[in-house]
Each structure stands twice: as C-alpha cells, then as structure tokens.
Amino acid sequence: MARSNTIRDINRQIILNYVRERAPISRADIAHETALQRSTVSLIVEELKADGLVEEVSGESTGGRPPLLLSLRTADAVAIGVDVGTARTIVATSDLAGRVLESERFDTPRDFNDLIANIVKHAGQLITKNKNTIEGIGISLPGLVDPESGKLYVPHFKWRDVPVAEELSAAVGLPVSMENDANAAALAELWFGRPEIREVRDFILVLVEEGVGTGIVFDGQVYRGEGGAAGEFGHMTIGRGAPVACASGSRECWEAFASERSALARYRSLSNGLNGDADAARFGDLIDLALGSDGAARTALKETAYYLGIGVANLIRGLAPEAVIVGGPIVRAWPVISEDIRNTVEATTCRGLPSTRIIASTLGPEPTLMGALSLVLASKFASVSIT
Ligand SMILES: [Zn+2]
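Residues numbered from 1 in each chain as written. Predicted model: local features only at pLDDT ≥ 70, side-chain atom pairs only at ≥ 80, totals over all residues. Heavy atoms only, no water.

**Q** Explain the overall build of the protein chain to me, using residue names and the numbers behind them.
**A** Counting secondary structure elements, the protein chain contains 13 helices and 15 strands. Here the C-alpha atoms of the protein chain give a radius of gyration of 22 Å, agreeing with the 21 Å that 2.2 N^0.38 yields for 387 residues. Across its three principal directions, the C-alpha atoms of the protein chain cover 70 × 50 × 40 Å. Expressed as a percentage of its 387 residues, the buried residues of the protein chain come to 51%. Sequence separation of at least 24 residues holds for 61% of the intrachain contacts in the protein chain that already meet a minimum separation of 6. Taking the 38 positively charged and 49 negatively charged side chains of the protein chain as two groups, their mean positions are separated by 2 Å. (Helix = DSSP H or I, 4+ residues; strand = E, 2+ residues; numbered from the N terminus. Rg over C-alpha atoms; globule rule 2.2 N^0.38 Å. Buried < 20%, exposed > 50% of the residue type's maximum accessible area, 1.4 Å probe, protein only. Contact = heavy atoms within 4.5 Å. Lys, Arg positive; Asp, Glu negative; His and termini not counted. Charge placed at Lys NZ, Arg CZ, Asp CG, Glu CD.)

So, in structure tokens, the structure goes:
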C-alpha cells in the first residue's frame, strides 16, 4: 500500500472513530480535536458520507440556522453475527454502532452439516430482507479457533477443522470471519463496551457459561497466541474434587469449579430442586431464585463466586491487567456474587501487586453475540484508537 494511502486510511479511521465516540459532532470540532486540517476533515467526511458510514443530523440551534452535525449512519443492518453456543445458536443483524436489530435462535445441532444448513437458512433470509446492506458475517465458537488458518476445535461437539467459514461464505457470498467466543467477547468489550472499559488498554474477559473461557487484551489488542490457543485458563488447576468435570473430563480445572454447571451441581446437592440436565435456561432459573433470596441458590452462586475469585486472583498474579471483566449470564447475579469474587481476590492476592478492577461486562446477557458482530464491525473502525 502506498504511503499516502496509508495516511489517508488512518485519518479516515480516526475521523470515523471520533464520530462513533462523540456523535453528534461537527466537522470543526473534529478538526480541532484531531489537529487535522479543516479541508482534510471535510474531504474525508464527504467520502464517509458517500460510503454510507456517516450522516448529517441537525444540531441545536443557538439563534441562527441549526448547525449540521455528524453521526454514524445506523439505519441499515451492516453485519450478521452468528453466536454458536453449546445449547443454542443465535443469528442476528446489527447496525454500525453494534445495536442488534433482528435475531433468530435455534438449538445448536450436534451435526456440523445441520449447523451450517441452519445458519445459511437464517442468514440468507436476513441478507435478502436487508437487500445489499450486509457487509460480512462474524461467527463466535465455543472452542479453539485460529482465525488465520481457519483451524478449529470445538470439544463439546467434537468438531475438528470443519470448514465453517468456507462453507458459509460460499453459500451466502459474503466474507466470513470466525473467532473463539471469549476472544470475540473481549473484542466486543474493546469496541462496544461502556467508555470505562474502552479506555482500559489491558484487561482479561472471563466468560462464564457452560465452561469458563478467557479473552486477553494487551495494549488494546486481543492476544491470541500461537494458533489462537491463548486464554485456556479455564483448564488451569484450581483444586481437587470439583462438583462437575470440565469439557475434557477433569475435576481439577477452573471451569469444573466456576462454570454454570458447577453452580447448578452445588444447588442440586444443597436442595431437591432443579433435576435433570444443567442447561443454560436452568442456570437462569438459579439466578432468579438467588435474586429472590432462595438460601440454597444464593449459597450455590456464592460458592461458585469464591472459585471464580480464586482463578481471577491467579490471572492477576500472572498478568497484572488493569481490569478483569466477568461476562455471560452470571452477570445478572452480580449483586449476589461481586463481593465474594472481590473478597476472595483480595484475600488470596499477595500484597504489593497493583490493584486490578473487577467489573461486570457491559455487553448484556449475550456478550458472545456482540463478539460475533464485532468481528465484522471492528474491522470498519480498525485498530486506531482515540487518546
Ligand atoms: Zn479441564
């Protein structure tokens, strides 16, 4: 790429990011804050308007004609996110700002070909309905994903190196990118989380679902490691005799102590309720019970929070991030669990280490769907941050 193009691309991303973060904003304010020439800003804004990325909105009048301000153009669906979970899959559209517009969900089939057929059907309907506005599809998967080589391994379904991205892309004619669910959610926090999280440069997202996964962000970039295999802290050894086995059959791993399944197993041993399989819907029931002051449910969640805290303390010792973000459905139980996590971290972290904030995800109950959408959206803003 020619150097002048590179600089223009960077300026374009800087301006697009300013509009995203500060909208509604005027051209003059962008020029003032970025120290770019007013004419450069105007030229790039015209390009962004022509590409359908930004639009003009009327500002507040202070007497004369109301000023024309800039906003992200969010009317259209531009991305499709496919969030493949162990229990259910969500296919959804969003606008440029990451707002979910429409979503469809179905039980995740165990057979890979059935999964692809289902995704193609739902994504195809959304693409047709939105005419030509969809620009790409992002997929988050509960397993090891190497976005570069396309290699993947999903232990729950024993899918290994199945051609998810290739088959979907061939079927719908759009670019498809995929990522591990926790990494994708970390990317979503980085780009679409609340400002207090977006300003953090080093953080670890702990995704608590059927298993426990982590997404590591260093200096504003997701750290993937060799072959995309970084972040498997869910399988670090925490102790012995966990209430359930991890995805690989061990009762010593963090996820065996701190996953949704472990909380449900604790609840079952404390009470007679909730028989049968420990699926996600039942975990929602457990949270409802705990928020409604059911003693056994509260105890089960608080014990799970203790083990979450043990693992978080280990991450802090090893990596000293600015923040640890807890994500997934368990965030709804934050009033019940946050103290237990923080107290455990404080009690088990050796003194002298910098203090790490422990916060709940701001992405809502489906951070991995936001992650899937971010795979498409973040590339539009690219890796230029506002300081
Ligand atoms: Zn394990």
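Now that the structure is up, let's keep going.
**Q** If you had to explain the sheet that holds strand β11 (residues 203-208) to someone new, which residues and values would you point to?
**A** As summarised here, the arrangement of the five strands in space is β13-β12-β11-β14-β15, forming an open sheet in which the pairing is mixed. Of all strands in the sheet, those with a lone pairing partner are β13 (221-223) and β15 (357-360), marking the two edges. Between one strand and the next, the sheet's axes are offset by a mean angle of 25°, whatever the strand orientation. Strands β11, β12 (212-218), β14 (323-327) and β15 of the sheet are contacted by helix α11 (residues 295-319), whose axis makes an angle of about 155° with β11. (Pairing = 2+ DSSP bridges. Axes fitted to C-alpha atoms, helices over the stretch in contact; angles between N-to-C directions.)

**Q** So what's going on with helix α6 (residues 181-192)? Which residues, and what values?
**A** The terminal C-alpha atoms of α6 lie 16 Å apart, and with twelve residues this matches the ideal 16 Å at 1.5 Å per residue to within 8%. With respect to burial, α6 is a largely interior element, twelve of its twelve residues being buried. Every buried residue of α6 is listed here: Asp-181, Ala-182, Asn-183, Ala-184, Ala-185, Ala-186, Leu-187, Ala-188, Glu-189, Leu-190, Trp-191 and Phe-192. At the N-terminal end of α6, a side-chain oxygen is found 3.0 Å from the backbone nitrogen of Ala-182, two or three residues along, and the residue is Asn-180. (Expected span 1.5 Å × (residues − 1). Polar contact = N/O pair within 3.5 Å; in protein donor to acceptor, adjacent residues only side chain to side chain.)

**Q** Tell me about the pairing of strand β5 (residues 100-107), and please be specific about residues and values.
**A** Two strands pair when backbone bridges link them, and strand β4 (residues 88-94) and β5 are joined in this way by seven bridges, in the antiparallel orientation. Paired with Ile-90 across the two strands is Arg-105, which belongs to β5.

The values reported here are purely geometric and, on their own, carry no functional implication.
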